[in-house]
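One-letter residues, chain by chain:
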Amino acid sequence: MAVTKIWSVRGRLDHPIDYAINPEKTNAKLAEKELDSLEDVMNYTVNEEKTEKKFYVSGINCNPAIARQQFQTVKAQFGKEGGIIAYHGYQSFAEGEVTPQQAHEIGMELAKAIWGEGYQVIVATHLNTKCLHNHFVVNSVSFLDGKRCRQKQWTDISKINDEICRKYQLDVVEGHGRGIPYQLAKAEREGALTRLNIAKVAIDDALSVSCNLRELRYHLSTMGYICQFDENRKYWTIRQEEWKRPIRLIRMGEEYSNDNIRKRLRDNTPEVRKGIVYRDIRKCRRRSHTMKKGKSRKISGLRGLYYHYCYLLGYMPKRNMKPYQVSPALRDDLIKLNEISKEVRLLQEHRIDDLQQLFDYRKNCNERIFEIRAQIKNAQSKKGADKTEIGLLKGELKKLRFQIILCDRITRRSQQMNEKLQQVCEEQNRKREELIK
C-alpha cells in the first residue's frame, strides 16, 4: 500500500545550502521543519546517494537540473516571490511491494494527475531505505497564469493515490476521513467514558430487548437518543439533541455495522421483551430495600449543588447506574467527572458554600501568589541561593495558580449546573404530564 503526505515550505530562495553533501544529514531521518528553503528541498529530493545517481529523478513542466532557477523565474515573472515558496510531499510504499521503476512510474502518474496541468514538479524516487518512496517538490506559483497552488486536502490526494494504486493492483489504506481529537481517541482506547462508549452501552441494552428496528429506535429514544436507521443509508447514526454531529455506529466496531445489527435483531426471540418488565420490577424492589428512615443533614449552597449534581450523575454516593440512565441533559458531564471531582474537593476542604466565599478564597490565593513571587525574587538575588527553597516556593506557586483556575471553573460550571438542573426538572414534569394523560 502507498501512503502520502504534503506540507508547505517557507524560506529564502537565495539561501544556498548543499544539503546532499552534509554527512550528518545524509544518513539521518530528516524532519519536515529542517527543509526550510527551496534549495534544501531540491537537494534532498535529488540526492544521488538516494536515487542511484539521479536515474529516478524526473521533472514535470521543468528540467530537474535547473529547476531552482526555473521556479524562481516563474515567481519573479508574476511578482510572487514571498510566502509559501513550494510544497513538499512524499508517497511511500510497503517493503518489497514495488520495484524502483514501478515506484517512479506511479509517482509520476500521481504528480501529473494532481499538478501536471499548470505547475512545475520534481519527482524523485529514493532507494536508500527498505520502503521505496517518492518525493515531490511543487512550485507554489503556476507557470500558466501565476495562480498560487493551494495545498490539497489530505483526503483528496489520498483518493487519487488509491485510484492509481488499484490500477497497479496494490493494496490501499481504507478509512480516509475526518479524524477524532487525540484526547478522545486515547480515552476510547483506555475505556474511559466518552460519548461513543456511553452510546455503545445504550445500544447494547436496547438491542438486548428489541426484535426489530422500530423497537430498537423506540428504546433508544427513551434513553434520549435520536437515531437514523434508514434502509438507504450506508452508515446508521445516533446522537443526542445537543450534539452538533451524530456518531456513526460503525465507529463502535464491525459488529455495529448495518448488517450485523439486523442479524442481532433477527436472532432475538419475542421472549426478550419480557426482560424489560422484570428489570423494572427488580429496580423498584432494590430501591425499597435501600431507603433509610430519618432525616440526613442537608448541605446547601455550592457544595449542595455539586453533591446533588454528582448524585444525579450516579457518583455521589456511588449508585448502580448505567451511563445512559443519566438524564440526557447531564450525560455529557460524565466525561468531565475528573474535573468536577477536583472542584468538589476544593469546596469541601475549605467549606465554601456561596460565591462570595469563593471570591474571598480566590483573592487570598492571589495575595499569597504576590508574596511568594517576592520571596522567590529575593531568594534569587542572593549569592549562593538555596535552590531547594526556591523549588518549594515555585511548587506552592503552581498549586495556588491551579486553585485559582478551579475557582474560575466553579464560577462558570455552577451557573451551567443550575441551567441543566432546570432542564432536568422540566423534563421530569413533562414526563409526569404524559403519564397522567
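If you're wondering where the values come from, they're calculated on a predicted model, not measured in any experiment. (Residues numbered from 1 in each chain as written. Predicted model: local features only at pLDDT ≥ 70, side-chain atom pairs only at ≥ 80, totals over all residues. Heavy atoms only, no water.)

## Some words on the overall build of the chain
Counting its regular elements, the chain contains 15 helices and eight strands. Relative to its full complement of 437 residues, the chain shows a buried share of 39%. Of the contacts made within the chain by residues no fewer than 6 positions apart, 67% connect residues no fewer than 24 positions apart. Total accessible area on the chain stands at roughly 27000 Å², and carbon and sulfur atoms take up 50% of it. (Helix = DSSP H or I, 4+ residues; strand = E, 2+ residues; numbered from the N terminus. Buried < 20%, exposed > 50% of the residue type's maximum accessible area, 1.4 Å probe, protein only. Contact = heavy atoms within 4.5 Å. Areas by Shrake-Rupley, 256 points an atom, 1.4 Å probe, with all protein chains shown as cover.)

## Focus: the pairing of strand S3 (residues 86–93)
Of all eight residues making up S3, seven are buried, and the element is well covered by its neighbours. Pairing of S3 with strand S5 (residues 133–139), which is carried by seven bridges, proceeds in the antiparallel orientation. Within S5, the residue paired with tyrosine 87 across the bridge is valine 138. (Pairing = 2+ DSSP bridges.)

## Brief notes about the sheet that holds strand S7 (residues 237–239)
To summarise the sheet geometry, strands pair through backbone hydrogen bonds and adopt either a parallel or an antiparallel arrangement. Taken in spatial order, the three strands of this open sheet run S6-S7-S8, and their pairing is antiparallel. The sheet is open, and its two borders are formed by strand S6 (226–228) and strand S8 (247–248), each paired with just one other strand.

## Looking at the environment of phenylalanine 136
Looking at the element boundaries, phenylalanine 136 is found in strand S5. The sequence separation of phenylalanine 136 and valine 121 amounts to 15 residues, and the corresponding C-alpha distance is 6.6 Å. Beyond its immediate sequence surroundings of up to four residues, phenylalanine 136 is in contact with Tyr87, His88, Gly89, Tyr90, Gln91, Gly107, Leu110, Ala111, Trp115, Val121, Ile122 and Val123.

## Considering the pattern of salt bridges
With the rule as written, the count across this model stands at 17 salt bridges. Aspartate 204 is the salt-bridge partner of arginine 264, the closest N and O atoms lying 3.2 Å from each other. One end of the pair, arginine 264, is in helix H10 (residues 258–267); the other, aspartate 204, is in helix H8 (residues 195–208), and 60 residues separate them in sequence. A salt bridge links aspartate 230 to arginine 233, with the shortest nitrogen-to-oxygen separation between them at 4.0 Å. (Salt bridge = Lys/Arg side-chain N within 4 Å of Asp/Glu carboxyl O.)

## A look at unusual backbone geometry
Despite not being glycine, glutamine 169 shows a phi value in the positive range, around 60°. Examined against the element boundaries, glutamine 169 turns out to sit in the loop between helix H6 (154–167) and helix H7 (182–190). Take glutamine 169: its relative accessible area is 74%, and that puts it in the exposed class.

## Observations concerning the packing of aromatic side chains
What the rule picks out here adds up to three aromatic pairs. Ring geometry for tryptophan 115 against phenylalanine 136: centres 5.9 Å apart, planes inclined by 50°, an arrangement best described as tilted. With tryptophan 115 in helix H5 (residues 100–115) and phenylalanine 136 in strand S5, the pair connects residues that are 21 residues apart, well separated along the chain. Taken individually, tryptophan 115 and phenylalanine 136 each receive the classification buried, so the pair is uniform in this respect. (Phe/Tyr/Trp six-rings, centres within 6.5 Å; stacked < 30°, edge-to-face > 60°.)

## Thoughts on the nonpolar core
Of all hydrophobic cores here, the largest spans 58 residues; its most connected members are Leu216, Leu220, Tyr225, Ile238, Leu249 and Met252. Taken together, the elements giving at least two residues each to this core come down to H8, helix H9 (213–222), H10, helix H12 (301–313), helix H13 (337–349), helix H14 (355–381) and helix H15 (387–436). Looking at this core, the element that brings in the most residues is H15, giving 11 residues. Not counting residues within four places of it along the chain, the set of residues in contact with tyrosine 225 comprises Ile198, Ala199, Ala202, Leu220, Ile238, Arg239, Gln240, Trp243, Tyr324 and Arg331. One finds Phe93, Ile106, Leu132 and Cys149 within the second-largest nonpolar core, a separate group that totals 27 residues. (Core = buried A, V, L, I, M, F, W, Y, C linked by side-chain atoms within 4.5 Å.)

## Digging into H8
An α-helical segment advances 3.6 residues per turn. Residues three or four places apart therefore align on the same side. When the terminal C-alpha atoms of H8 are compared, their 20 Å separation across 14 residues agrees well with the 20 Å that a helix rising 1.5 Å per residue should span. Among the residues of H8, those classed as buried are Leu196, Asn197, Ile198, Ala199, Ala202, Ile203, Asp205, Ala206 and Leu207. (Expected span 1.5 Å × (residues − 1).)

## Digging into H10
The set of residues buried in H10 consists of Asn258, Ile261 and Leu265. Along the axis of H10, the buried residues cluster in a sector spanning 65°; they form a single face. In H10, the exposed residues that point more than 90 degrees away from the buried face are Asp259, Arg266 and Asp267. In this structure, the buried side of H10 is in contact with H8 and H9. (Arc of directions from axis to C-beta.)

## A short note on the packing of H13 against H15
Where H13 meets H15, the axes come as close as 10 Å, and the angle between the chain directions of the two elements is 105°. In this view, H13 runs roughly perpendicular relative to H15, as classed from their interaxial angle. Contacts from Glu339, Ile340, Lys342, Glu343, Leu346 and Leu347 of H13 reach H15 at Phe402, Gln403, Leu406, Arg409, Ile410, Arg413 and Met417. (Axes fitted to C-alpha atoms, helices over the stretch in contact; angles between N-to-C directions. Parallel < 35°, antiparallel > 145°, perpendicular 65-115°, else oblique.)

## Focus on the confidence of the model for the chain
Averaged over every residue, the pLDDT of the chain is 78; residues scoring 70 or more account for 76%. When the criterion is pLDDT under 50, residues 13–36 qualifies, and its contacts beyond four places in sequence or with other chains add up to 45 contacts. Contacts of residues 277–294 to residues separated by more than four positions or lying in other chains number two contacts, the stretch itself having pLDDT below 50. (pLDDT = per-residue confidence, 0-100.)

## A look at the packing of H14 against H15
The description of two helices packed together rests on the angle between their axes and the distance between the axes. Running from N to C, H14 and H15 cross one another at 160°; their axes reach a closest spacing of 9 Å. Taken together, the axes of H14 and H15 are roughly antiparallel relative to one another. Here H14 runs over H15; the crossing is left-handed. In terms of residue class, the contact of H14 with H15 is made up of 16 nonpolar, six polar and seven charged. (Left-handed = near helix turned anticlockwise from the far one by under 90°. Nonpolar A, V, L, I, M, F, W, Y, C, P; charged D, E, K, R; others polar.)

## Overview of the environment of leucine 397
For leucine 397, the location among the structural elements is in helix H15. Remark: the alpha-carbon pair of leucine 397 and phenylalanine 370, spanning 27 residues in sequence, is separated by 9.3 Å. The residues touching leucine 397, leaving out its near neighbours within four places in the chain, are Ile369, Ile372, Arg373 and Ile376.

## Considerations on the side chain of arginine 409
Here arginine 409 shows up in helix H15. Assessed through its relative accessible area of 17%, arginine 409 is described here as buried.

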